[in-house]
Amino acid sequence: MTTTSTPGLARFNTSQDDAALAALHEVCASSAWGSKLLAQRPYATAEDLFTASDAALAELTVKDLEEAMAGHPPIGRPKPGDPTSAREQRGMAGASEALKAELLELNLAYQEKFGHVFLICATGATGEQMRDAVKTRIGNTAEEEREIVRTELGKINRIRLTRLVEEDKD
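This section reports on the structure supplied with the text. All chains use their own residue numbering, which begins from 1 and follows the written sequence. Only residues with pLDDT of at least 70 get local features here, since the model is predicted, and only at 80 or more are side-chain atom pairs given and counted; chain-wide, interface and lining totals rely on the full set of residues. To get the side-chain values, take all heavy atoms of the structure and skip hydrogens and water.

## Observations concerning the packing of helix α2 (residues 17–27) against helix α3 (residues 31–39)
For every element, the axis is a line fit to its C-alpha atoms; helices are fit only across the contacting stretch, and the angle between N-to-C directions ranges from 0 to 180 degrees. In this description a helix means any DSSP run of H or I spanning at least four residues, a strand means any run of E spanning at least two, and both kinds are numbered starting from the N terminus. Remark: α2 packs on α3, axes separated minimally by 9 Å, with the N-to-C direction vectors making an angle of 135°. As the angle between them shows, α2 and α3 are arranged oblique. Crossing handedness for the pair α2 and α3: right-handed. Counted together, D17, A20, L21, L24 and V27 of α2 and W33, G34, S35, L37 and L38 of α3 form the full contact between these two elements. Angle categories are assigned with fixed cut-offs, so that under 35 degrees is roughly parallel, over 145 is roughly antiparallel, 65 to 115 is roughly perpendicular, and the rest are oblique. Throughout, a crossing is termed right-handed when the near helix is turned clockwise from the far one, and left-handed when it is turned anticlockwise from it by less than a right angle. Here a residue-residue contact requires only that any non-hydrogen atoms of the pair lie within 4.5 Å.

Below is the structure:
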């Protein structure tokens, strides 16, 4: 885990507010989350940024969570031209047509029940693992699912923030 300042973190800390907010929006579509992180700049370490992210995530309202989830494509259907969602859903790349069809059906049933996309930290997960997760989670109550979504969103945000602060571009 990164605990020291990096070129990416220094760049984030010194970016204009609109550029930093845009970078945060790429991490998480919740404007409340992004505004909280922006207001706390500069961060001495990446770990400080991660801690602030976790705290801001814990404070998100149901509406804020819905806004965050709206920024995520359904599992098995990454946004065209979006390298982040394609990279995160790489486990679906070699999935059979039958698995893709089953996941589409499960996604639609989940979305009908909960009113939002099925959110899971897909990084490193296989298509079968994602399918099994949606099969299990569709039986949850809305309250149970909201807390699981908050946890999964936290994992996704951590991965994306790590990429942001470790980027070494001039």
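Picking up where we left off.
## Concerning the packing of helix α4 (residues 46–58) against helix α9 (residues 142–166)
Axis separation between α4 and α9 bottoms out at 10 Å; the angle between their running directions is 150°. In this view, α4 runs roughly antiparallel relative to α9, as classed from their interaxial angle. Our pair here, α4 against α9, has a crossing hand that is right-handed. Touching A46, E47, L49, F50, S53, D54, L57 and A58 of α4 are R150, L153, G154, N157, R158, L161, T162 and V165, all from α9. Residues are sorted three ways: Asp, Glu, Lys and Arg are charged, Ala, Val, Leu, Ile, Met, Phe, Trp, Tyr, Cys and Pro are nonpolar, and all the rest, Gly among them, are polar. Of the residues contributing to the contact of α4 with α9, the split by class is 8 nonpolar, 4 polar and 4 charged.

## Brief notes about the pattern of salt bridges
Any carboxyl oxygen of Asp or Glu that lies within 4 Å of a side-chain nitrogen of Lys or Arg is treated as forming a salt bridge with it. Inspection of every chain in the model, using the stated rule, returns 10 salt bridges. A salt bridge links E102 to K135; the shortest N-O distance between them is 3.2 Å. Taken as a pair, E102 in helix α7 (residues 97–114) and K135 in helix α8 (residues 127–137) lie far apart in primary sequence, 33 residues in all. When its relative accessible area of 27% is taken as the criterion, E102 is described as partly exposed. Via salt bridges that share partners, E102, R131, D132 and K135 belong to a single interconnected network. Per-residue accessibility, obtained with a 1.4 Å probe over protein chains only, is compared with the maximum for each type, and a residue is labelled buried under 20%, exposed over 50%, and partly exposed between these values.

## Comments concerning the packing of aromatic side chains
Here is the rule: rings of Phe, Tyr and Trp (six-membered ring for Trp) pair when centre to centre is within 6.5 Å. Planes less than 30 degrees apart are stacked, more than 60 are edge-to-face, and the remainder are tilted. Evaluation of the coordinates by the stated rule reveals 3 aromatic pairs. Measuring from ring centre to ring centre gives 4.6 Å for Y110 and F114, while their planes differ by 45°; the resulting arrangement is tilted. Here Y110 and its partner F114 are both found in helix α7, 4 residues apart, which amounts to about one turn of the helix. Across this residue pair, the class does not change: Y110 and F114 are buried. Judged by centre distance (5.1 Å) and plane angle (80°), the ring pair of Y110 and F118 falls under edge-to-face. Grouping residues by exposure puts Y110 and F118 together as buried. In this structure an aromatic cluster arises from ring pairing among Y110, F114 and F118.

## Some words on the nonpolar core
The set of buried Ala, Val, Leu, Ile, Met, Phe, Trp, Tyr and Cys residues whose side-chain atoms join them within 4.5 Å is what this entry labels a nonpolar core. Core analysis: the largest hydrophobic core is formed by 45 residues, its most contacted members being F12, W33, L37, L49, I75 and L161. Of all elements in the fold, only α1 (7–14), α2, α3, α4, α5 (62–70), α7, α8 and α9 reach the threshold of two or more residues within this core. Residues within four places of L37 in sequence aside, it is in contact with L24, Y43, L49, A52, S53, A56 and L161.

## Structural notes on α4
In a regular helix each residue adds 1.5 Å, so 13 residues correspond to 18 Å; α4 covers 18 Å between its end C-alpha atoms and thus fits that length. Along α4, the residues that are buried comprise A46, L49, F50, A52, S53, A56 and L57. Projected down its long axis, α4 shows its buried positions confined to an angular sector of 160°, all on one face. On its buried side, α4 packs onto α1, α3 and α9. For a helix, the expected span equals 1.5 Å multiplied by the residue count minus one. This arc is taken over the directions from the axis of the helix to the C-beta atoms.

Keep in mind these numbers describe shape, not what the thing actually does.
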